[in-house]
Amino acid sequence: MARMADLVVPQLGESISEAVVARWLKQVGDAVAVDEPIAELETDKITVQLPSPVAGALAEQRAKIGATVKVGEVIGAVTAGAAGKAAPAATPAAVPTKPVETPSASTGRQPVAGGQLAAAPAPVKAPPQIVVAQANGGALDKDALLKLTPSQRASARESGALPARGRAAPAAPSGPSEEARLAAIDPRDEVVPMSPLRKRVAERLVQAQHESASLTTFNEVDMTAVMDLRAKYKDSFEKSHGVKLGFMSFFVKACVAAAKLYPGLNAEVVGGNIVYKKHYDFGIAVSTPKGLVVPVLREVDTLSFAGIEKGILELADKAKTGKLALADLSGGTFSITNGGIYGSMMSTPLLNYPQTGILGMHNIVKRALVINDEVKVRPVMYLALSYDHRVVDGKEAVSFLVAVKDRLEAPERMLVEV
């Protein structure tokens, strides 16, 4: 009898217990080699591939596309040593690539693009609000707050009580239910469930708003010197290092120098403590088809311009091909995002929690500047620095951004480290 090998959802990283089956790369009956990817699992952070444990043929798909699966769950099986054959025209597990949820009784099916019917997402019921009085009538315990979800923390602060096992408190009415809102959707509209990655991004953005005191300061930088330097050396730089000389390496270098002068921008808050980071691991925001991710480039203070450009290119390629590992997304100390590549003139970047600083780059536009009492037309970029006011005061934030501006307008300063 042929031996069957189970396809088991592997450990997906710290604090991640489930994933969604994004797609099956092989169908029942297809031949597979050992370690060949069979399915893609999408977590709330990245997409991971599930390899075959043996060589043979895919015998079973137990989870449909769009299904939520747990770590350790068996989602399929491979017949070891079996010869592969053509995949059948249809299998029970072959479903549309766009995940759908089971429709509720009140919503039924919703029309989607192309005239097809898709099930409206089933409402997610929030857990009952369980409360307990504060000890000794004092402030909410910080350690207990850190163990809660962002929504629980917000609720705890509003009610003055922490979630705990005990009696349930009646939930306050909060407007129409999800079922009612879905039922009222215009039939011409399309209903698409949020992906785990999109949900995670939303959660982190809300968390940043709840957990930090975020402010933003702005400045402008004359990009003439950087653009002249790039134009002068771009060909020889690419020939020598095999990578193009972009703008990001200049900004990374400038931010490292500024962070060494103003360490509050390279820090985080842990309870009642401020942790000033003595390493410089910068998150570089990258847009992918599945949403925004912020992979981390490690020890940027030790890298050359070429090393920074190569590192960013490698992370961007991994992000766009879905090959980022969990380690690539964790441990950042400061972030840089560039809305300018999409034409943004000005924006207010949101902190990448728990970091205390993020720099927003924007497009470069020729503007009139007064230089030595003369009006000059120069290429100008607006910069935005969002910072956590719990750690960084206004003077430090403005000084950080001025330090970045000074080094970009005189890039030779970064070469001699002054």
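Just above, that's the structure.
Rules and cut-offs
- Residues numbered from 1 in each chain as written.
- Predicted model: local features only at pLDDT ≥ 70, side-chain atom pairs only at ≥ 80, totals over all residues.
- Heavy atoms only, no water.
- Helix = DSSP H or I, 4+ residues; strand = E, 2+ residues; numbered from the N terminus.
- Expected span 1.5 Å × (residues − 1).
- Buried < 20%, exposed > 50% of the residue type's maximum accessible area, 1.4 Å probe, protein only.
- Phe/Tyr/Trp six-rings, centres within 6.5 Å; stacked < 30°, edge-to-face > 60°.
- Pairing = 2+ DSSP bridges.
- Axes fitted to C-alpha atoms, helices over the stretch in contact; angles between N-to-C directions.
- Salt bridge = Lys/Arg side-chain N within 4 Å of Asp/Glu carboxyl O.
- Core = buried A, V, L, I, M, F, W, Y, C linked by side-chain atoms within 4.5 Å.
- Contact = heavy atoms within 4.5 Å.

## A closer look at helix α8 (residues 394-409)
- For α8, spanning 16 residues, the distance from its first C-alpha to its last is 22 Å, which sits close to the expected 22 Å at 1.5 Å a residue.
- Buried residues of α8: E396, A397, F400, L401, A403, V404, K405, R407 and L408, and no others.

## Section: the packing of aromatic side chains
- Applying the stated criterion across every chain, the model contains 3 aromatic pairs.
- With a centroid separation of 5.2 Å and an interplanar angle of 50 degrees, the aromatic rings of F282 and F334 are classed as tilted. On the criterion of sequence distance, the pair formed by F282 in strand β14 (residues 282-284) and F334 in strand β18 (residues 334-338) is long-range, its members being 52 residues apart.
- Residue classification places F282 among the buried positions, given a relative accessible area of 0%.

## Describing the sheet that holds strand β2 (residues 18-24)
- If you walk across this open sheet you meet the 4 strands as β5-β4-β2-β7, and the pairing is antiparallel. The sheet is open, and its two edges are formed by β5 (47-51) and β7 (68-70), each paired on a single side. Pairs of neighbouring strands in the sheet enclose a mean axial angle of 45 degrees, with direction left out of account.
- Inspection of the sheet shows β2 paired to β7 by 3 bridges, in the antiparallel sense. Across the sheet, V20 pairs through a bridge with T68, a residue of β7.

## Overview of the pattern of salt bridges
- Summed over the entire model, instances satisfying the criterion amount to 12 salt bridges.
- With its nearest N and O atoms 2.8 Å apart, the salt bridge here joins K277 to E268. For the pair K277 and E268, a shared accessibility class is recorded, and that class is buried.

## Describing the nonpolar core
- Among the nonpolar cores identified, the biggest contains 49 residues, and V252, F282, F334, I336, L383, F400 and L408 are the most heavily contacted of them.
- Contributing elements (two or more residues each) for this core: α5 (224-241), α6 (248-261), β14, α7 (305-320), β18, β19 (357-361), β21 (374-388) and α8.
- No other element matches α6, which puts 9 residues into this core.
- In this structure, L408 is in contact with V221, D222, A225, V226, F250, F251, A254 and L383, ignoring residues within four places of it in sequence.
- One finds V9, I38, A63 and A80 within the second-largest nonpolar core, a separate group that totals 21 residues.

Remember, this is a structural readout, not a statement about activity or role.
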